[in-house]
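Overview (structure and organization)
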Amino acid sequence: MGIQVEFNPDLALRDIEEFKKGNRKIEECIPEVLEAGKVYDFLKSGQRNYWLRGELPLLETKGNEVLSRPKASIKILEVTHFLDGEKVFTKGKYKVLDVFNDNAVHFESYKKMKS
């Protein structure tokens, strides 16, 4: 038996419609309106580690590693691991640095491209 930890180079959240349908908590979803400079909460299942010293892409996930192109550039401000019953979760806060509304390439892997 080992300790199961996932290292994430991005933050992947669900479409807000999943919250509206009652399938997900709001913190598990990308806000309907993303605003640069604003801080949002997030929630992920499992014990996850994120890079805290730089910018990360915010992606939309459909599950099973089906990911969108980056929706925004973010900085994760805080992360907490906790138990809910026997299940492990990761929650935290992220600040939106830049919102992307085009099809340009904004990240090369984990590195943000200069505009």
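The structure contained in this document is the topic of the report that follows.

Analysis parameters
Residues numbered from 1 in each chain as written. Predicted model: local features only at pLDDT ≥ 70, side-chain atom pairs only at ≥ 80, totals over all residues. Heavy atoms only, no water. Helix = DSSP H or I, 4+ residues; strand = E, 2+ residues; numbered from the N terminus. Buried < 20%, exposed > 50% of the residue type's maximum accessible area, 1.4 Å probe, protein only. Lys, Arg positive; Asp, Glu negative; His and termini not counted. Salt bridge = Lys/Arg side-chain N within 4 Å of Asp/Glu carboxyl O. Contact = heavy atoms within 4.5 Å. Phe/Tyr/Trp six-rings, centres within 6.5 Å; stacked < 30°, edge-to-face > 60°. 1 Å grid on protein atoms, 1.4 Å probe; cavity = no way out; pocket = protein on both sides within 12 Å on 5 of 7 lines; lining within 4 Å. Points joined across faces, edges and corners; volume = space filled by probe spheres on them.

**Observations concerning the side chain of D10**
Relative to the helices and strands, D10 resides in the loop between strand 1 (6-8) and strand 2 (11-13). Of the buried charged residues, D10 lacks a salt bridge, with R48 as the closest side chain of opposite charge at 7.1 Å. With near-sequence residues (within four places) excluded, D10 lies in contact with Y50, L56, P57, L59 and L67.

**Comments concerning the packing of aromatic side chains**
In this structure the tally under the stated criterion is 4 aromatic pairs. Residues F42 and Y94 carry aromatic rings whose centres are separated by 6.3 Å and whose planes lie at 45° to one another, so their mutual orientation is tilted. Linking F42 in strand 3 (residues 39-45) with Y94 in strand 8 (residues 87-99), this pair joins segments that are 52 residues apart in sequence. Look at Y94 and you get buried, because its relative accessible area is 0%. Among the aromatic residues, those joined into a ring-pair cluster are Y40, F42, Y50 and Y94.

**Some thoughts on the layout of surface pockets**
Vacant regions in the atomic arrangement are exposed by a probe of water-molecule size rolled over the atoms. Size it by volume and the largest pocket reaches roughly 450 Å³. Residue lining of the largest pocket: 21 residues in total, with E6, A12, K44, R48 and T61 positioned closest to the centre. At the level of secondary structure, the elements contributing two or more residues to the lining of the largest pocket comprise strand 1, strand 2, strand 3, strand 4 (48-50), strand 5 (56-63) and strand 8. Counting residues per element, the lining of the largest pocket draws most heavily on strand 3, at 3 residues.

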